[in-house]
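Below are the chains, spelled out letter by letter.
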Amino acid sequence: MAGTTQPSAIDDILAEHAGLEQQLADPALHNDPAAARKAGKRFAELAPVMATYAKLTAAQEDLEAARELAADDSAFAAEVPVLEETVAELDKTLTDLLAPRDPHDADDVVLELKSGEGGEESALFASDLARMYVRYAERAGWRVEILDATVSDLGGYKDATISIKSKGDVRDGVWSRLKFEGGVHRVQRVPVTESQGRVHTSAAGVLIYPEPEEVEEVQIDETDLRIDVYRSSGKGGQGVNTTDSAVRITHLPTGIVVTCQNERSQLQNKARAMQVLAARLQAAAEEAADAEASAGRQSQIRTVDRSERIRTYNFPENRITDHRIGFKAHNLDAVLDGDMGALLDALGQADREARLAAE
């Protein structure tokens, strides 16, 4: 195949795609919903690669034909450079698609927010971040579920756990877009509690990890769990559950604590909390198995203070700055309303370039 794309890489993809197509056409596969879902997800992940490869192959054939015609008739010569450019662009796109990828890119995520230094102002900022992610998820057509939240006196989040899921089988899922959000986020603004109009700096932390499709993918020994039930909290009204339906699960060997009070019944809350625990344990297992991944994930939040920051939100200047890649923009209000596309694109591009450079 012409261009810079590695033939062996695309050959492997073509073989895998053909094998998946055969599997999905076999009725026996669908007797195992988990296996069928996994195969379907991978098949969808390969769709952009296959589509780009088909376009590239067609463009290469057109280019070869144009060159042959141009040799006999100069009227066809003008088509050659146009087709050469098309082939080069498609080849670059295919090369990017075949670049090493994060194996979790198609996964859904669990996102945790924790207030840090700054008291009520930090909790209010954590709720602003939560709203930003929810708005972005809504724009992307994802499903959002607030699993648990501890609300401050002024309505901010002392902590919150949010599940974000894409709809259907996708190549680039929630993790591929939001995986860079883990870390300490710093805010500079005049708090609502500030009477002198002075700008304060505070911080909130974000933890994010991929969520496994099935709890069974992660081995959890029931004897390692302490399960407590309590009454769901809320701001009052008919929506507050007055039974002991909220569930707190403590994984004794690791000390990981997960709570869920969003569902209507204790059984539903327990099942959802187990899913979150499985995600946390899977992330922890991967950290232990891969030192590089461990360094990356542990750096998400070391201490939720103002110095360990990945990003600064400056309200007086309406400016957002991502310190890892030097990204700056003066549309903070729009970003906080969910317009995160340019920021996440820049982070994704930096990640792709780093992966290609590491090959």
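Since we're looking at a predicted model, the values are computed, not measured.

What counts as what
Residues numbered from 1 in each chain as written. Predicted model: local features only at pLDDT ≥ 70, side-chain atom pairs only at ≥ 80, totals over all residues. Heavy atoms only, no water. Helix = DSSP H or I, 4+ residues; strand = E, 2+ residues; numbered from the N terminus. Buried < 20%, exposed > 50% of the residue type's maximum accessible area, 1.4 Å probe, protein only. Pairing = 2+ DSSP bridges. Axes fitted to C-alpha atoms, helices over the stretch in contact; angles between N-to-C directions. Salt bridge = Lys/Arg side-chain N within 4 Å of Asp/Glu carboxyl O. Phe/Tyr/Trp six-rings, centres within 6.5 Å; stacked < 30°, edge-to-face > 60°. Lys NZ or Arg CZ within 6 Å of the ring centre and 35° of its normal. Contact = heavy atoms within 4.5 Å. pLDDT = per-residue confidence, 0-100.

> Tell me about unusual backbone geometry, and please be specific about residues and values.
Phi is positive for Asn318, close to 50°, though the residue is something other than glycine. Looking at the secondary structure, you find Asn318 in the loop between β9 (311–314) and β10 (319–322). Under the relative-accessibility criterion, Asn318 is labelled partly exposed at 25%.

> I'd love a proper account of the sheet that holds strand β5 (residues 200–211), names of residues and values included.
The strand order across the open sheet formed by eight strands is β2-β3-β1-β5-β4-β9-β10-β11, and the pairing between neighbours is mixed. Among the strands making up the open sheet, the edge pair consists of β2 (143–151) and β11 (327–329). Taking each pair of neighbouring strands and ignoring which way they run, the sheet shows an average axis angle of 15°. Relative to β10, β9 runs antiparallel, the two sharing four bridges. Bridging from a neighbouring strand, Asn314 pairs with Arg319 of β10.

> Could you give me a rundown of the pattern of salt bridges, with the residues and numbers involved?
Within this structure, the stated rule accounts for 24 salt bridges. Linking Asp345 and Arg177 is a salt bridge whose minimum nitrogen-to-oxygen distance equals 2.9 Å. Taken together, the residues Asp345 in helix α9 (residues 341–357) and Arg177 in helix α5 (residues 174–178) connect sequence positions 168 residues apart. In this structure, Glu211 engages Arg272 in a salt bridge whose closest nitrogen and oxygen atoms are separated by 2.9 Å. One end of the pair, Glu211, is in strand β5; the other, Arg272, is in helix α6 (residues 266–289), and 61 residues separate them in sequence. Both residues of the pair, Glu211 and Arg272, belong to the buried class. Salt bridges sharing partners connect three or more residues here, namely Asp108, Glu145, Lys165, Glu211 and Arg272.

> I'd like a description of the sheet that holds strand β8 (residues 256–260), backed by residues and values.
Reading across from one edge, β6-β7-β8 is the order of the three strands in this open sheet, with antiparallel pairing throughout. The sheet is open, and its two borders are formed by β6 (225–230) and β8, each paired with just one other strand. Pairwise comparison of adjacent strand axes, ignoring direction, gives a mean angle of 15° for this sheet. In this sheet, strand β7 (residues 246–251) lies alongside β6 in antiparallel orientation, the contact comprising six bridges. By the bridge assignment, Asp228 is partnered in β7 with Arg248.

> Residue-level account of the packing of aromatic side chains, with values.
Using the criterion set out here, one finds two aromatic pairs in the structure. With a centroid separation of 5.3 Å and an interplanar angle of 70°, the aromatic rings of Phe125 and Tyr313 are classed as edge-to-face. Taken together, the positions of Phe125 in helix α4 (residues 120–140) and Tyr313 in strand β9 put the pair 188 residues apart, joining distant regions of the chain. When its relative accessible area of 0% is taken as the criterion, Tyr313 is described as buried. Residues Tyr136 and Trp142 carry aromatic rings whose centres are separated by 5.6 Å and whose planes lie at 80° to one another, so their mutual orientation is edge-to-face. Looking at Tyr136, the relative accessible area reads 9%, which means it is buried. Above the plane of the ring of Phe315 lies Arg189, whose end atom (NZ or CZ) is 4.7 Å from the centre.

> Describe in detail the side chain of Lys179, supporting the description with residues and values.
Examined against the element boundaries, Lys179 turns out to sit in the loop between α5 and β4 (183–189). The residues contacting Lys179, other than those within four sequence positions of it, are Asp102, Asp105, Ile208, Asp351 and Arg355.

> I'd like a rundown of the environment of Glu16, residues and numbers included.
Residue position: Glu16 is located in helix α1 (residues 7–25). C-alpha of Glu16 to C-alpha of Arg42: the two residues are 26 residues apart in sequence and 9.5 Å apart in space.

> Explain the confidence of the model for the protein chain residue by residue, including any values.
In the predicted model, the protein chain carries a mean pLDDT of 84, and 86% of its residues have values of at least 70. Here residues 235–241 scores under 50 on pLDDT; set against residues more than four positions off or in separate chains, the count is nine contacts. Considering only residues more than four positions removed or in separate chains, one finds that residues 292–299, a stretch of pLDDT under 50, has nine contacts.

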